[in-house]
Amino acid sequence: MSETVHHDYQGAKIGMWLFLFTEFMLFGGLFILYAGSRALNPEAFHSAGRELSVPLGVANTVILLTSSLFVAAAITAIQKGNKKLSLILTGLTAACGALFLVNKAAEWGMKFHHGIYPNGPGLAQRPAGEALFFGLYYIMTGLHGLHVLAGTVLLTVMAVLVSRERVRQDDYVLLENSGLYWHLVDVIWIFLLPLFYLAA
Amino acid sequence: MSVREQGHTIEYPTLLKVWGALVLLTAALVGASRVSEAAAVWAMLALTPLKAALVLYFFMHLKYEKAVLKAMVFTALAVLIIFIGMLFLDISFR
(Lines give C-alpha, C1' and ligand atoms only; values in the text may rest on other atoms or scores of the structure.)
Protein backbone atom coordinates (compact mmCIF):
# COMPACT_ATOMS: atom_id res chain seq x y z
CA MET A 1 0.00 0.00 0.00
CA SER A 2 1.41 3.35 -0.96
CA GLU A 3 1.56 6.33 1.30
CA THR A 4 -1.21 8.89 0.76
CA VAL A 5 -0.02 12.46 0.41
CA HIS A 6 -2.60 15.20 0.73
CA HIS A 7 -2.22 18.37 -1.23
CA ASP A 8 -4.52 21.33 -1.07
CA TYR A 9 -3.33 23.82 -3.66
CA GLN A 10 -6.15 26.35 -3.16
CA GLY A 11 -5.96 26.02 0.61
CA ALA A 12 -2.19 26.64 0.60
CA LYS A 13 -2.64 29.80 -1.43
CA ILE A 14 -5.56 31.11 0.63
CA GLY A 15 -3.49 30.53 3.76
CA MET A 16 -0.68 32.63 2.30
CA TRP A 17 -3.11 35.40 1.32
CA LEU A 18 -4.53 35.45 4.86
CA PHE A 19 -1.00 36.00 6.15
CA LEU A 20 -0.51 38.75 3.56
CA PHE A 21 -3.67 40.49 4.87
CA THR A 22 -2.03 40.72 8.31
CA GLU A 23 0.96 42.30 6.56
CA PHE A 24 -1.35 44.81 4.83
CA MET A 25 -2.69 45.79 8.23
CA LEU A 26 0.76 45.94 9.85
CA PHE A 27 2.06 48.35 7.23
CA GLY A 28 -1.38 49.95 6.86
CA GLY A 29 -1.23 51.06 10.50
CA LEU A 30 2.13 52.72 9.80
CA PHE A 31 0.77 54.36 6.63
CA ILE A 32 -2.10 55.78 8.72
CA LEU A 33 0.43 57.09 11.26
CA TYR A 34 2.43 58.67 8.41
CA ALA A 35 -0.69 60.27 6.87
CA GLY A 36 -1.80 61.71 10.21
CA SER A 37 1.68 63.02 11.07
CA ARG A 38 2.12 64.57 7.65
CA ALA A 39 -1.29 66.27 7.77
CA LEU A 40 -0.25 67.89 11.06
CA ASN A 41 3.33 68.79 9.96
CA PRO A 42 3.17 69.53 6.22
CA GLU A 43 6.15 71.94 6.03
CA ALA A 44 8.49 69.80 8.13
CA PHE A 45 7.73 66.70 6.02
CA HIS A 46 8.28 68.71 2.86
CA SER A 47 11.71 70.00 3.88
CA ALA A 48 12.87 66.73 5.48
CA GLY A 49 11.81 64.76 2.40
CA ARG A 50 14.16 66.91 0.32
CA GLU A 51 17.15 65.30 2.05
CA LEU A 52 16.47 61.79 0.83
CA SER A 53 18.21 60.74 -2.38
CA VAL A 54 15.66 60.43 -5.20
CA PRO A 55 18.10 58.52 -7.49
CA LEU A 56 18.74 55.92 -4.75
CA GLY A 57 15.02 55.56 -4.03
CA VAL A 58 14.21 55.18 -7.73
CA ALA A 59 17.11 52.74 -8.27
CA ASN A 60 15.78 50.57 -5.45
CA THR A 61 12.29 50.77 -6.97
CA VAL A 62 13.56 49.53 -10.34
CA ILE A 63 15.53 46.75 -8.57
CA LEU A 64 12.40 45.55 -6.73
CA LEU A 65 10.14 45.83 -9.81
CA THR A 66 12.66 43.80 -11.82
CA SER A 67 12.97 41.21 -9.05
CA SER A 68 9.17 40.91 -9.07
CA LEU A 69 9.33 40.22 -12.81
CA PHE A 70 12.02 37.57 -12.18
CA VAL A 71 10.05 35.67 -9.54
CA ALA A 72 6.82 35.82 -11.60
CA ALA A 73 8.78 34.45 -14.59
CA ALA A 74 10.38 31.79 -12.35
CA ILE A 75 6.84 30.53 -11.60
CA THR A 76 5.94 30.53 -15.30
CA ALA A 77 9.16 28.60 -15.98
CA ILE A 78 8.44 25.92 -13.35
CA GLN A 79 4.86 25.61 -14.66
CA LYS A 80 6.32 24.94 -18.11
CA GLY A 81 8.73 22.38 -16.62
CA ASN A 82 11.85 24.48 -17.26
CA LYS A 83 13.76 23.75 -14.05
CA LYS A 84 17.02 25.42 -15.08
CA LEU A 85 15.40 28.73 -16.07
CA SER A 86 13.27 28.71 -12.91
CA LEU A 87 16.38 28.14 -10.80
CA ILE A 88 18.26 31.01 -12.50
CA LEU A 89 15.30 33.40 -12.15
CA THR A 90 14.73 32.50 -8.48
CA GLY A 91 18.44 33.08 -7.82
CA LEU A 92 18.33 36.44 -9.64
CA THR A 93 15.34 37.48 -7.52
CA ALA A 94 17.29 36.74 -4.33
CA ALA A 95 20.29 38.63 -5.77
CA CYS A 96 18.08 41.68 -6.42
CA GLY A 97 16.91 41.48 -2.81
CA ALA A 98 20.53 41.50 -1.61
CA LEU A 99 21.37 44.44 -3.91
CA PHE A 100 18.38 46.37 -2.53
CA LEU A 101 19.70 45.82 1.01
CA VAL A 102 23.20 46.98 0.04
CA ASN A 103 21.72 50.24 -1.32
CA LYS A 104 19.55 50.64 1.76
CA ALA A 105 22.54 50.12 4.05
CA ALA A 106 24.57 52.73 2.09
CA GLU A 107 21.66 55.16 2.32
CA TRP A 108 21.19 54.69 6.07
CA GLY A 109 24.96 54.90 6.52
CA MET A 110 25.06 58.34 4.86
CA LYS A 111 22.24 59.56 7.12
CA PHE A 112 23.96 58.19 10.24
CA HIS A 113 27.13 60.00 9.16
CA HIS A 114 25.21 63.29 9.27
CA GLY A 115 23.89 62.47 12.73
CA ILE A 116 20.41 61.79 11.38
CA TYR A 117 19.11 58.91 13.46
CA PRO A 118 16.65 58.69 16.36
CA ASN A 119 18.01 60.93 19.14
CA GLY A 120 21.04 61.72 16.95
CA PRO A 121 22.86 65.08 17.06
CA GLY A 122 21.80 65.92 13.49
CA LEU A 123 18.14 65.80 14.48
CA ALA A 124 18.37 67.56 17.85
CA GLN A 125 18.44 71.14 16.47
CA ARG A 126 15.66 70.55 13.98
CA PRO A 127 11.90 71.12 14.27
CA ALA A 128 10.00 68.25 15.92
CA GLY A 129 8.16 67.54 12.66
CA GLU A 130 11.42 66.70 10.88
CA ALA A 131 12.48 64.34 13.65
CA LEU A 132 9.05 62.72 13.26
CA PHE A 133 9.61 62.35 9.50
CA PHE A 134 12.95 60.61 10.02
CA GLY A 135 11.53 58.47 12.83
CA LEU A 136 8.82 57.22 10.48
CA TYR A 137 11.41 56.84 7.70
CA TYR A 138 13.55 54.54 9.86
CA ILE A 139 10.60 52.54 11.21
CA MET A 140 8.89 52.05 7.84
CA THR A 141 11.93 51.47 5.61
CA GLY A 142 13.48 49.41 8.43
CA LEU A 143 10.46 47.13 8.78
CA HIS A 144 10.30 46.90 5.00
CA GLY A 145 14.03 46.11 4.90
CA LEU A 146 13.48 43.25 7.37
CA HIS A 147 10.84 41.92 4.99
CA VAL A 148 13.29 42.18 2.08
CA LEU A 149 15.84 40.26 4.17
CA ALA A 150 13.27 37.56 5.03
CA GLY A 151 12.20 37.37 1.38
CA THR A 152 15.79 37.07 0.19
CA VAL A 153 16.43 34.18 2.58
CA LEU A 154 13.11 32.56 1.59
CA LEU A 155 13.91 32.82 -2.13
CA THR A 156 17.40 31.39 -1.57
CA VAL A 157 15.77 28.41 0.15
CA MET A 158 13.36 28.13 -2.81
CA ALA A 159 16.29 28.06 -5.24
CA VAL A 160 17.70 25.09 -3.28
CA LEU A 161 14.29 23.37 -3.31
CA VAL A 162 13.96 23.91 -7.08
CA SER A 163 17.43 22.44 -7.63
CA ARG A 164 16.51 19.40 -5.48
CA GLU A 165 13.19 19.06 -7.33
CA ARG A 166 11.27 19.45 -4.12
CA VAL A 167 9.62 22.31 -6.05
CA ARG A 168 8.77 21.03 -9.53
CA GLN A 169 6.30 21.24 -12.40
CA ASP A 170 3.54 19.28 -10.63
CA ASP A 171 4.10 20.81 -7.17
CA TYR A 172 5.25 24.41 -7.06
CA VAL A 173 2.93 26.07 -4.54
CA LEU A 174 5.89 26.78 -2.18
CA LEU A 175 7.57 28.87 -4.89
CA GLU A 176 4.25 30.50 -5.78
CA ASN A 177 3.62 31.49 -2.13
CA SER A 178 7.18 32.80 -1.77
CA GLY A 179 6.54 34.82 -4.93
CA LEU A 180 3.34 36.22 -3.36
CA TYR A 181 5.34 37.31 -0.31
CA TRP A 182 7.99 38.92 -2.52
CA HIS A 183 5.38 40.81 -4.55
CA LEU A 184 3.84 42.10 -1.32
CA VAL A 185 7.25 43.48 -0.33
CA ASP A 186 7.37 45.16 -3.75
CA VAL A 187 3.84 46.62 -3.36
CA ILE A 188 4.79 48.14 0.02
CA TRP A 189 7.87 49.76 -1.53
CA ILE A 190 5.68 51.14 -4.34
CA PHE A 191 3.90 53.14 -1.63
CA LEU A 192 7.04 54.03 0.33
CA LEU A 193 8.74 55.67 -2.70
CA PRO A 194 6.30 58.58 -3.17
CA LEU A 195 5.66 58.99 0.59
CA PHE A 196 9.33 59.47 1.52
CA TYR A 197 11.52 60.06 -1.52
CA LEU A 198 9.12 62.12 -3.61
CA ALA A 199 7.60 63.98 -0.64
CA ALA A 200 9.49 67.22 -1.24
CA MET B 1 1.79 10.64 -9.95
CA SER B 2 -1.47 12.24 -8.98
CA VAL B 3 -3.32 14.84 -10.95
CA ARG B 4 -3.28 18.07 -9.01
CA GLU B 5 -5.06 21.34 -9.21
CA GLN B 6 -2.71 23.91 -10.71
CA GLY B 7 -2.63 27.64 -11.21
CA HIS B 8 -2.91 29.72 -14.33
CA THR B 9 0.27 30.20 -16.37
CA ILE B 10 1.06 33.77 -17.41
CA GLU B 11 3.21 33.88 -20.56
CA TYR B 12 6.59 35.68 -20.47
CA PRO B 13 5.62 38.52 -22.91
CA THR B 14 2.67 39.46 -20.66
CA LEU B 15 4.97 39.61 -17.62
CA LEU B 16 7.46 41.77 -19.55
CA LYS B 17 4.71 44.18 -20.62
CA VAL B 18 3.52 44.54 -17.02
CA TRP B 19 7.11 45.23 -15.90
CA GLY B 20 7.49 47.84 -18.69
CA ALA B 21 4.27 49.53 -17.60
CA LEU B 22 5.48 49.58 -13.96
CA VAL B 23 8.80 51.19 -14.92
CA LEU B 24 7.04 53.79 -17.12
CA LEU B 25 4.57 54.60 -14.34
CA THR B 26 7.49 55.04 -11.93
CA ALA B 27 9.14 57.46 -14.39
CA ALA B 28 5.84 59.36 -14.70
CA LEU B 29 5.54 59.51 -10.91
CA VAL B 30 9.07 60.92 -10.52
CA GLY B 31 8.47 63.35 -13.40
CA ALA B 32 5.21 64.62 -11.88
CA SER B 33 6.89 65.14 -8.50
CA ARG B 34 9.22 67.70 -10.15
CA VAL B 35 6.42 69.69 -11.85
CA SER B 36 4.49 71.02 -8.86
CA GLU B 37 3.24 70.09 -5.43
CA ALA B 38 -0.29 69.52 -6.76
CA ALA B 39 0.95 67.36 -9.66
CA ALA B 40 3.03 65.30 -7.21
CA VAL B 41 0.06 64.67 -4.92
CA TRP B 42 -2.32 63.79 -7.76
CA ALA B 43 0.25 61.53 -9.43
CA MET B 44 0.81 59.78 -6.10
CA LEU B 45 -2.92 59.27 -5.53
CA ALA B 46 -3.52 58.02 -9.10
CA LEU B 47 -0.35 56.23 -10.21
CA THR B 48 0.71 54.50 -6.98
CA PRO B 49 -2.52 52.48 -6.56
CA LEU B 50 -2.39 51.73 -10.30
CA LYS B 51 1.12 50.28 -9.91
CA ALA B 52 0.04 48.25 -6.88
CA ALA B 53 -3.00 46.99 -8.85
CA LEU B 54 -0.76 45.85 -11.73
CA VAL B 55 1.43 43.85 -9.33
CA LEU B 56 -1.62 42.34 -7.58
CA TYR B 57 -3.51 41.55 -10.78
CA PHE B 58 -0.75 40.10 -12.91
CA PHE B 59 2.36 39.26 -10.87
CA MET B 60 0.27 37.93 -7.97
CA HIS B 61 -2.13 36.18 -10.41
CA LEU B 62 -5.19 37.80 -8.79
CA LYS B 63 -6.79 38.28 -12.22
CA TYR B 64 -6.90 34.51 -12.63
CA GLU B 65 -7.97 33.60 -9.10
CA LYS B 66 -11.40 32.43 -8.02
CA ALA B 67 -14.05 35.00 -7.06
CA VAL B 68 -13.84 34.06 -3.37
CA LEU B 69 -10.15 34.96 -3.16
CA LYS B 70 -10.70 38.22 -5.07
CA ALA B 71 -13.52 39.09 -2.66
CA MET B 72 -11.24 38.38 0.33
CA VAL B 73 -8.48 40.64 -1.02
CA PHE B 74 -10.87 43.48 -1.87
CA THR B 75 -12.50 43.21 1.58
CA ALA B 76 -9.12 43.48 3.33
CA LEU B 77 -8.12 46.49 1.21
CA ALA B 78 -11.55 48.12 1.65
CA VAL B 79 -11.19 47.87 5.46
CA LEU B 80 -7.79 49.59 5.24
CA ILE B 81 -9.18 52.34 2.99
CA ILE B 82 -12.11 52.89 5.39
CA PHE B 83 -9.62 53.31 8.28
CA ILE B 84 -7.58 55.82 6.26
CA GLY B 85 -10.80 57.69 5.36
CA MET B 86 -11.84 57.78 9.04
CA LEU B 87 -8.43 59.22 9.96
CA PHE B 88 -8.82 62.10 7.51
CA LEU B 89 -12.39 62.77 8.71
CA ASP B 90 -11.00 63.00 12.23
CA ILE B 91 -8.18 65.35 11.20
CA SER B 92 -10.37 67.66 9.11
CA PHE B 93 -13.15 68.06 11.73
CA ARG B 94 -10.88 68.46 14.71
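Refer to the structure presented above.
Residue indices begin from 1 for each chain and proceed along its sequence in written order. Numbering of ligands from 1 and lettering of chains from A proceed in the order in which they are written. Residue-level local features of this predicted model are given only where pLDDT is at least 70; pairs of side-chain atoms are given and counted only at 80 or more, and the full residue set underlies all totals for whole chains, interfaces and linings. The side-chain quantities take in all heavy atoms of the structure and omit both hydrogens and water.

Is there a simple way to explain unusual backbone geometry in this structure?
For residues other than glycine, phi is negative in most cases, and the peptide bonds are mostly trans. Phi at E165 of chain A takes a positive value of approximately 60 degrees, unusual for a residue other than glycine. For helices the rule is a DSSP run of H or I covering at least 4 residues; for strands it is a run of E covering at least 2, with both sets numbered from the N terminus onward. Examined against the element boundaries, E165 of chain A turns out to sit in the loop between α6 (128–163) and α7 (173–197). Buried means the residue's accessible area, taken with a 1.4 Å probe over protein chains only, is under 20% of the maximum for its type, while exposed means over 50%, and partly exposed covers the values in between. A residue is classified by how much of its surface remains accessible, and E165 of chain A, at 44% relative accessible area, is partly exposed. Unlike most non-glycine residues, H61 of chain B shows phi in positive territory, near 65 degrees. Relative to the helices and strands, H61 of chain B is located in the loop between α2 (37–59) and α3 (67–92). Among the residues examined, H61 of chain B registers a relative accessible area of 5% and is labelled buried.

Please explain the packing of aromatic side chains as it appears in this structure.
Each aromatic ring pair is characterised by the separation of its centres together with the angle its planes make. Residues and elements named next belong to chain A. Centres within 6.5 Å are what make two rings of Phe, Tyr or Trp a pair, Trp counting through its six-membered ring; a difference in plane orientation under 30 degrees is then read as stacked, over 60 as edge-to-face, and the rest as tilted. Under the defined criterion, the tally for this structure stands at 19 aromatic pairs over all chains. Ring geometry for F133 versus F134: centroids 5.3 Å apart, planes at 85 degrees, classification edge-to-face. The pair F133 / F134 is uniform in exposure class, with both members buried. Here the aromatic rings of F133 and F196 are separated by 5.4 Å at their centres, their planes lie at 65 degrees, and the arrangement is edge-to-face. Of this pair, F133 sits in helix α6 while F196 sits in helix α7, and the two are 63 residues apart along the sequence. Under the relative-accessibility criterion, F133 is labelled buried at 0%. One aromatic cluster in this structure is built from Y34, F45, W108, F112, Y117, F133, F134, Y137, Y138 and F196.

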